[in-house]
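Overview (structure and organization)
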Amino acid sequence: PHWNDTVEAAIAAPMRTIELAKDILNALLPLPDQTNPMLSSDLAVAAILLRAAALAAAWNVRINVPHLESDDQRDKTLQMLDDALNECHAAAASIEKASAAASI
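What you see is a predicted model, and the numbers here were worked out from it, not measured in a lab.

1. Quick word on the overall build of the chain
When helices and strands are tallied, the chain shows 4 helices and 0 strands. For the chain, the N- to C-terminal ordering of α and β elements is α-α-α-α. Whereas a compact globule of 104 residues would reach a radius of gyration of roughly 13 Å, the chain reaches 16 Å, over 25% beyond that. Projected onto its principal axes, the C-alpha positions of the chain cover 55 × 20 × 15 Å. Taken across its 104 residues, the chain has 33% of its residues classed as buried. Contacts spanning at least 24 positions in sequence make up 80% of the contacts within the chain whose residues lie at least 6 apart. Carbon together with sulfur atoms contributes 61% to the accessible area of the chain, which is approximately 6,200 Å² in total.

2. Description of the pattern of salt bridges
Applying the stated criterion to the full structure yields 4 salt bridges. Where Glu 19 meets Lys 22, a salt bridge forms, and the shortest distance between an N and an O atom there is 3.0 Å. Here Glu 19 pairs with Lys 22, and both are found in helix α1 (residues 3-28), just 3 residues apart, close to one helical turn. Close ionic contact of Arg 74 with Asp 71 constitutes a salt bridge, the shortest N to O distance being 2.2 Å. With Arg 74 and Asp 71 both in helix α4 (residues 71-102) and 3 residues apart, the pair spans about one turn of that helix.

3. Quick word on the packing of α1 against helix α3 (residues 40-64)
Running from amino to carboxyl end, α1 crosses α3 at an angle of 160°, the nearest separation of the two axes being 8 Å. Taken together, the axes of α1 and α3 lie roughly antiparallel to each other. Seen from above, α1 lies across α3 with left-handed handedness. Facing α1, whose interface residues are Val 7, Ala 10, Ile 11, Pro 14, Met 15, Thr 17, Ile 18, Ala 21, Ile 24, Leu 25 and Leu 28, α3 presents Leu 43, Ala 46, Ala 47, Leu 50, Arg 51, Ala 53, Ala 54, Ala 57, Ala 58, Asn 60, Val 61 and Asn 64.

4. Digging into α4
With 32 residues, α4 should reach 46 Å at 1.5 Å per residue; the first-to-last C-alpha distance of 46 Å fits that figure. Among the residues of α4, Arg 74, Thr 77, Leu 81, Ala 84, Leu 85, Cys 88, Ala 91, Ala 92, Ile 95 and Ser 99 are the ones counted as buried.

5. A few points about the nonpolar core
Grouped together as the largest cluster of nonpolar side chains are 23 residues, with contacts concentrated most on Ile 11, Ile 18, Leu 25, Val 61 and Leu 81. Looking at this core, the elements that each hand over two or more residues are α1, α3 and α4. Excluding residues within four positions of it along the chain, Ile 11 makes contact with Val 61, Asn 64, Val 65, Leu 68 and Thr 77.

Parameters and conventions
- Residues numbered from 1 in each chain as written.
- Predicted model: local features only at pLDDT ≥ 70, side-chain atom pairs only at ≥ 80, totals over all residues.
- Heavy atoms only, no water.
- Helix = DSSP H or I, 4+ residues; strand = E, 2+ residues; numbered from the N terminus.
- Rg over C-alpha atoms; globule rule 2.2 N^0.38 Å.
- Buried < 20%, exposed > 50% of the residue type's maximum accessible area, 1.4 Å probe, protein only.
- Contact = heavy atoms within 4.5 Å.
- Areas by Shrake-Rupley, 256 points an atom, 1.4 Å probe, with all protein chains shown as cover.
- Salt bridge = Lys/Arg side-chain N within 4 Å of Asp/Glu carboxyl O.
- Axes fitted to C-alpha atoms, helices over the stretch in contact; angles between N-to-C directions.
- Parallel < 35°, antiparallel > 145°, perpendicular 65-115°, else oblique.
- Left-handed = near helix turned anticlockwise from the far one by under 90°.
- Expected span 1.5 Å × (residues − 1).
- Core = buried A, V, L, I, M, F, W, Y, C linked by side-chain atoms within 4.5 Å.

This is the structure in structure tokens:
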């Protein structure tokens, strides 16, 4: 296979992990207000672990980005990564804050 195809595949798998973490975090967002307050810590821990999964996967993306053939590909990939991580961070922080409030 072409070198760039291999690099793109090495980036695609961890990007998918980040997207899945983001999707699950977004699905969890309404739960602190809808579930038993005794589950607040479980929701907060889930948010923390999902954010950690996204951050870990981001390392695998970043290590491969310099090997992409074009500046445009590198810039686009890093922008997609930053956008997804920002969304993960925001959702996780929101879940943690709401979970803390629900547990009081």
